[in-house]
Amino acid sequence: SSSSNSSNGNSSSGMRKMGDNQSPENYENELGLLEFIHTLVETMDRWAGSICELDIMYQLEHVHFLLDEMVMNGYVTETNKSNVLRLIDLMDRESKKNEGMFR
């Protein structure tokens with residue numbers, strides 16, 4: 001019984017060794033995450049000029065849309081800044097077109 005506890009990483013005291021909960025499907029590449037954050041900030045900089053907290057706060061819907069275009073179900077799906085910004089520009093043009101219809 002004690003041999004089965006030691007083989008799965010559990011000791012008799014119930015403590016787990018560091019790294020035991022890292023299965024291949026839960027593994028995250030820290031360098032990849034930093035690169036994604038860098039790409040996200042660069043994309044927001046190109047979209048809003050020099051991005052600051054107020055830009056994010058007052059245009060939260062656009063920021064959510066931008067992030068939704070780059071990430072799906074927790075996985076990075078788009079890192080091309082031009083592709084993401086093209087969709088944001090299209091959304092802006094369509095919303096301005098709709099505003100003109102209701103004046």
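Just so it is clear, the structure is predicted and the values come from calculations on it, not from any experiment. (Residues numbered from 1 in each chain as written. Predicted model: local features only at pLDDT ≥ 70, side-chain atom pairs only at ≥ 80, totals over all residues. Heavy atoms only, no water.)

(A) Structural detail: helix α4 (residues 60-70). By the burial criterion, the buried members of α4 are H62, V63, L66 and M70. All buried residues of α4 project into a common sector of 100° when viewed along the axis, lining one side. Projecting away from the buried face of α4 at angles above 90 degrees are the exposed residues E61 and D68. (Buried < 20%, exposed > 50% of the residue type's maximum accessible area, 1.4 Å probe, protein only. Helix = DSSP H or I, 4+ residues; strand = E, 2+ residues; numbered from the N terminus. Arc of directions from axis to C-beta.)

(B) Main features of the nonpolar core. Judged by nonpolar contacts, F36, L40, M44, W47, I51, V63, L66, M70, V84, L85 and I88 together constitute the single largest core of 11 residues. Secondary structure elements with two or more residues in this core: α2 (30-48), α4 and α5 (81-101). Here this core takes 4 residues from α2, the largest share from any one element. Among all residues touching W47, those that are not within four sequence positions of it are Q59, H62, V63, L85 and I88. (Core = buried A, V, L, I, M, F, W, Y, C linked by side-chain atoms within 4.5 Å. Contact = heavy atoms within 4.5 Å.)

(C) Structural view of α2. With 19 residues, α2 extends 27 Å from end C-alpha to end C-alpha; this agrees with the ideal 27 Å at 1.5 Å per step. Among all positions of α2, only F36, T39, L40, T43, M44 and W47 are buried. Along the axis of α2, the buried positions cluster into a sector of 135°, meaning they face one direction only. Away from its buried face, by an angle of more than 90 degrees, α2 presents the exposed residues E30, L31, L34 and R46. If you check the start of α2, you find a side-chain oxygen 3.0 Å away from the backbone N of L31, and it comes from N29. Backbone geometry just after α2 places G49 at a positive phi near 80°. (Expected span 1.5 Å × (residues − 1). Polar contact = N/O pair within 3.5 Å; in protein donor to acceptor, adjacent residues only side chain to side chain.)

(D) Region of the structure containing the confidence of the model for the chain. Across the chain, the average pLDDT comes to 75, with 69% of residues at or above 70. Taken together, the stretch residues 1-19 has pLDDT below 50 and engages in 8 contacts with residues farther than four places along the chain or on a different chain. (pLDDT = per-residue confidence, 0-100.)

(E) Expanded view of the packing of α2 against α4. Contact pair α2 / α4: the axes reach a minimum separation of 11 Å and the direction vectors enclose 135°. As far as their axial angle goes, α4 and α2 are oblique. The chirality of how α2 crosses α4 is right-handed. Between α2, through F36, T39, L40, T43, M44 and W47, and α4, the contact on the second element is made entirely by H62, V63, L66, L67 and M70. Residue composition of the contact of α2 with α4, grouped by class: 8 nonpolar, 3 polar and no charged. (Axes fitted to C-alpha atoms, helices over the stretch in contact; angles between N-to-C directions. Parallel < 35°, antiparallel > 145°, perpendicular 65-115°, else oblique. Left-handed = near helix turned anticlockwise from the far one by under 90°. Nonpolar A, V, L, I, M, F, W, Y, C, P; charged D, E, K, R; others polar.)

(F) Structural view of the environment of Q59. If you trace the backbone, Q59 turns up in the loop between α3 (53-58) and α4. Judged by relative accessible area, Q59 falls into the partly exposed class, the value being 35%. Residues Q59 and A48, 11 residues apart in the sequence, show an inter-C-alpha distance of 9.7 Å.

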